[in-house]
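Structure assessment
Residues per chain, in single letters:
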Amino acid sequence: MSVWKKLLWLAVSGLGVWAIVILALSRGEQISALWIIVAGLCALCISYRFYSKWLAAKVLVLNDERATPAILQNDSKDYVPTNRWMVFGHHFAAIAGPGPLVGPVLAAQFGFLPGTLWILIGATLGGGVHDMIVLFASIRRGGKTLGQMVKEEIGRGVGALALISVLAIMIILLAVLALVVVQALAQSPWGVFTIAMTIPVALIMGIGLRTGRVSVMAVTIFGLLGLAFGVWGGQFLAHFPVIEAWFRHDQKWLAWAIMIYGLSASILPVWMLLTPRDYLSTFLKLGTVAMLAAAVLLINPTLQMPAITKFIDGSGLVFAGPVFPFVCITIACGAVSGFHSLIASGTTPKMVRRESRIRSIGYGAMVTEMMVALMAMIAACVLQPGEYFAINSKGTPAEVVERVSASGFPITELQMTRLAADLGESTMFNRAGGAPTFAVGMAHMFARISAKPTALALWYHFAIMFEALFILTTIDAGTRVGRFLLQDFLGNLWRPLGNTRSWSANLFSSVLLVSAWGWFLYVGVIDPLGGINSLWPLFGLANQLLSVVALCLGTTILIKMHKAKYLFVTVLPLCFMCAVTFSAGYLKVFSQDPKLGFLNGARLLLREAAGIADPAKAANLVRQAGVWRLDALVALFFLVLVLLIVLGSARQWWQLLRGTRRVALHESEFVPISPAQLAQF
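Here we summarise the structure given alongside this text.

Within the protein, the regular secondary structure consists of 28 helices and two strands. In summary, the protein has a C-alpha radius of gyration of 24 Å against a globular reference of 26 Å for 681 residues, a match within 12%. Going through the 681 residues of the protein one by one, you find that 60% of them count as buried. Residue pairs in contact within the protein that sit at least 24 positions apart in sequence constitute 83% of those at least 6 positions apart. Approximately 26200 Å² of the protein is accessible, and the part contributed by carbon and sulfur atoms is 67%. In the protein, the 50 positive side-chain charges and the 30 negative ones have mean positions that sit 10 Å from each other.

Turning our eyes to something else, we now look at the packing of aromatic side chains. Under the counting rule described, the total for this entry stands at 23 aromatic pairs. With centroids separated by 6.3 Å and ring planes inclined at 40 degrees, the aromatic side chains of Phe-311 and Phe-409 adopt a geometry described as tilted. Within this pair, whereas Phe-311 is found in the loop between strand S2 (302–303) and helix H14 (323–331), its partner Phe-409 is found in the loop between helix H18 (397–406) and helix H19 (413–423), the two being separated by 98 residues in sequence. The burial state of Phe-311 is the same as that of Phe-409; both residues are buried. Judged by centre distance (4.9 Å) and plane angle (80 degrees), the ring pair of Tyr-388 and Phe-389 falls under edge-to-face. Overall, Tyr-388 belongs to the buried group, its relative accessible area being 0%. With relative accessibility at 0%, the residue Phe-389 sits in the buried group. Through pairs of rings, three or more aromatic residues link up here, namely Tyr-51, Trp-54, Tyr-363, Tyr-566 and Phe-568. Lying over the aromatic face of Trp-85, Arg-84 brings its terminal NZ or CZ to 5.1 Å of the ring centre. One Lys or Arg, Arg-359, reaches over the ring of Tyr-48 and ends 4.3 Å from the middle of that ring.

Relative to the helices and strands, Gly-433 resides in the loop between H19 and helix H20 (435–447). Sequence spacing of Gly-433 and Val-318 is 115 residues, and the spatial spacing of their C-alpha atoms is 8.8 Å. When residues no more than four places from it in sequence are discounted, the contact partners of Gly-433 are Val-102, Leu-106 and Asn-392.

This part is about the environment of Phe-110. Residue position: Phe-110 is located in the loop between helix H5 (99–107) and helix H6 (112–140). For Phe-110, a relative accessible area of 0% corresponds to the buried category. Once the C-alpha coordinates of Phe-110 and Val-318 are considered, the two residues, 208 residues apart in sequence, prove to be 9.8 Å apart. When sequence neighbours within four positions are dropped, the list of residues in contact with Phe-110 reads Ala-307, Ile-308, Thr-309, Phe-311, Ile-312, Phe-319, Gly-321, Pro-322, Val-323, Phe-326 and Val-327.

Right, let's talk about helix H12 (residues 251–267) for a bit. One turn of the α-helix equals 3.6 residues, which is why residues spaced by three or four share an orientation. Under the 1.5 Å per step criterion, the end-to-end length of H12 is 24 Å for 17 residues, consistent within 8% with the ideal 24 Å. Among all positions in H12, only Leu-254, Ala-255, Ile-258, Met-259, Tyr-261, Gly-262, Ala-265, Ser-266 and Ile-267 are buried.

What follows deals with the side chain of Asp-78. In this fold, Asp-78 is placed in the loop between helix H3 (69–72) and helix H4 (84–95). Polar contacts involving the side chain of Asp-78 include one to the side chain of Lys-77, which spans 3.3 Å. For Asp-78, the residues in contact, after removing those within four places along its chain, are Val-270, Lys-350, Arg-480, Arg-483, Phe-484 and Thr-500.

Turning next to helix H26 (residues 598–610). If you check H26, its first and last C-alpha atoms are 19 Å apart, about what 13 residues at 1.5 Å a residue would give, namely 18 Å. What H26 keeps buried is the set Phe-598, Asn-600, Gly-601, Ala-602, Leu-605 and Ala-609. Where H26 is buried, its residues meet helix H25 (568–590) and helix H27 (615–658).

Further remarks concern a nonpolar patch on the surface. Side chains of Phe-229, Trp-232, Phe-236, Phe-240, Val-242, Ile-243 and Trp-246 sit close together on the surface and give an oily, nonpolar patch of about 770 Å² of accessible area. Of all the elements in the fold, those that place two or more residues in the nonpolar patch are helix H10 (216–233) and helix H11 (241–247). Looking at which element gives the most residues to the nonpolar patch, the answer is H11, with three residues. The residue Phe-236 is located in the loop between H10 and H11 in this model. For Phe-236, a relative accessible area of 30% puts it in the partly exposed group.

Residue Pro-325 is bonded to the preceding Phe-324 through a cis peptide linkage, with omega at 15 degrees. Checked against the element boundaries, Pro-325 lands in helix H14. Not every positive phi belongs to a glycine, and Ser-76 is a case in point at roughly 60 degrees. Relative to the assigned elements, Ser-76 resides in the loop between H3 and H4. The residue His-562 is not glycine, and still its phi comes out positive at about 60 degrees. Tracing the sequence through the fold places His-562 in the loop between helix H24 (539–560) and H25.

Counted under the stated rule, the structure contains 14 salt bridges. In this structure, Arg-354 and Asp-64 form a salt bridge, with 3.0 Å as the shortest nitrogen-oxygen distance. Taken together, the positions of Arg-354 in the loop between helix H15 (339–344) and helix H16 (357–381) and Asp-64 in the loop between helix H2 (34–59) and H3 put the pair 290 residues apart, joining distant regions of the chain. A salt bridge links Arg-480 to Asp-78; the shortest N-O distance between them is 2.6 Å. Placement of the pair is Arg-480 in helix H21 (residues 455–493) and Asp-78 in the loop between H3 and H4, with a sequence separation of 402 residues. Its relative accessible area of 1% is what places Arg-480 among the buried residues. By relative accessible area, which is 2% here, Asp-78 ends up buried. Three or more residues are tied together by salt bridges with common partners; here these are Arg-66, Arg-140, Arg-141, Glu-153, Glu-355, Lys-560 and Glu-667.

What follows concerns the packing of helix H17 (residues 385–392) against H20. Contact pair H17 / H20: the axes reach a minimum separation of 10 Å and the direction vectors enclose 150 degrees. Contacts from Glu-387, Tyr-388, Ile-391 and Asn-392 in H17 reach Thr-437, Val-440 and His-444 in H20. Of the residues assigned to the contact of H17 with H20, the class counts are three nonpolar, three polar and one charged.

So, about the environment of Val-105. As for its position among the elements, Val-105 is in helix H5. In this structure, the C-alpha to C-alpha distance between Val-105 and Ile-331, residues 226 residues apart in sequence, is 8.3 Å. When neighbours within four sequence positions are excluded, Val-105 is seen to be in contact with Ala-376, Ala-380, Tyr-388, Gly-434, Thr-437 and Phe-438.

Contact geometry of H6 with H14 gives a least axis separation of 10 Å together with a crossing angle of 60 degrees. As far as their axial angle goes, H14 and H6 are oblique. Crossing angle aside, the handedness with which H6 passes H14 is right-handed. The segment H6 lies against H14, with Pro-114, Gly-115, Trp-118 and Ile-119 engaging Val-323, Val-327, Cys-328 and Ile-331.

Rules used in this analysis
Residues numbered from 1 in each chain as written. Predicted model: local features only at pLDDT ≥ 70, side-chain atom pairs only at ≥ 80, totals over all residues. Heavy atoms only, no water. Helix = DSSP H or I, 4+ residues; strand = E, 2+ residues; numbered from the N terminus. Rg over C-alpha atoms; globule rule 2.2 N^0.38 Å. Buried < 20%, exposed > 50% of the residue type's maximum accessible area, 1.4 Å probe, protein only. Contact = heavy atoms within 4.5 Å. Areas by Shrake-Rupley, 256 points an atom, 1.4 Å probe, with all protein chains shown as cover. Lys, Arg positive; Asp, Glu negative; His and termini not counted. Charge placed at Lys NZ, Arg CZ, Asp CG, Glu CD. Phe/Tyr/Trp six-rings, centres within 6.5 Å; stacked < 30°, edge-to-face > 60°. Lys NZ or Arg CZ within 6 Å of the ring centre and 35° of its normal. Expected span 1.5 Å × (residues − 1). Polar contact = N/O pair within 3.5 Å; in protein donor to acceptor, adjacent residues only side chain to side chain. Patch = residues over 30% accessible without salt bridge, like charges linked within 9 Å, V, L, I, M, F, W, Y side chains within 5 Å. Salt bridge = Lys/Arg side-chain N within 4 Å of Asp/Glu carboxyl O. Axes fitted to C-alpha atoms, helices over the stretch in contact; angles between N-to-C directions. Nonpolar A, V, L, I, M, F, W, Y, C, P; charged D, E, K, R; others polar. Parallel < 35°, antiparallel > 145°, perpendicular 65-115°, else oblique. Left-handed = near helix turned anticlockwise from the far one by under 90°.

This is the structure we're talking about:
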């Protein structure tokens, strides 16, 4: 590296450190949101240029002369060699679910500093390593899933526990994601129209590429034009009531539609629908985030939220729990996410043509998602804190206003009424969940660039549609990966069911999986206390527990590769995530705070029910107490399973490092790529 390049990278490092120092030391004064973007861009550039390159060259030793599963097992259905940018688009679209949008918004109740620091540190040193090493491991093992690899590399007993826990967590994650989409698209013709348009456009793109007569560039241009029409044209449906009625549906209809779509994405060849649609969605995702970053550069908004709020002690208005460990649990996908390991060992490794792409896809997509999470943090923190807390608090308008104002963030009902009117909504109270808050913050920044009086409402509804599309692309890939996991499990019971080349086995497994998460979804739609609604509080915890399993696998593989001197790259994130997940799980189950601990919360509800004369209200409280007890039971189940996996893994590491156990690395045989194939790919 030349002297000038060294000076350039030193300057980038210094600028990034300076941005973090300014953010960290701000107390009371107004800070520009630009500093968060500067810190994020510097962290992205440095970590990708140096850390990911070192991981690829020294730790994993990627080899482009080694044939990947996509080439060796090309079956035109699951294993399909795919253009590098389409694979990146699919992988990014699949991993970037609600976490990088909703998680940072909710974590903003602690102030902008804790969440920003965790996103920067977690994504570069934890999430990128987690995603990259799982993708590497799966490619080296013929595209096997996380559960299969745990069984082969760590042990059959641990592998069986991993399969059970991963499948159960997967069903919960898919049901939660689907419910978020249903809630966002209900009675939203624009959003449904845009998403519906992406399906035929993606099919045409997939078929066009498959013929070999159409270039990737031509297909991309066609897809972008179709996507632009879907996004732009949806706003005019109100002028055509008959057509608008085709796209205006309630939650029940949408729940069935999403189940049918998930089933189709799981069964159809990956090149036909899943890959082109995710690739297409990535343009909208990254394009919108880039527009948001450009808006920040143009208007230079100030961060209204303090760097650190008093709610770090766990007394938050948005959700209960102290800043550690719940800032990590809440942000999830924006920093470290177990769900990523399912995609990195599911669809993506079956499409990668060359091993060198592991770096750009595994690590690159993660740090790109880091920037999305930082933009979500900015969108939440540029709002007036009173508005932020009022949107995300539950209760009657008078109760919310009184509670938020008493916490030191003044707000009035008149302010909230004006905000709702400007957004074209009837009310902005009781809009908890993070998605509406992100949409409001995004709309505020975009609207400041436009002079139109209706700009705020227009951008708000665009943001809601954008979030739904953002999350839906996780459901399709997740369902296909879930089908792989289910076939791994069923194959142990009856071998033909584990054959992924069999259409009948694929159909049976897909229907079974969609029925599982679809049942939770549908019951959650028709019952505010049933289905996935009862397990919603476990979403963040379950997701992070998966990351612990994946990091255990990564550590085992490094030891078996005789890379023990590099163990810190997985052991440090693993130890931290164990501290995060097990402490959060303990607090969620046993905390004395009834707003946080499931068991004490259930006891409080039962005491309240005993003192209520109205039988209907009392029965509702008793049922809610039952839901919290169920959450406690499920949380304990997951915690025990993952603890057993960690202990089983640690036992094997000790034996391997002491040399008392023979190393058996279950890796596919080295098959070189021919010079012609190397030139092609």
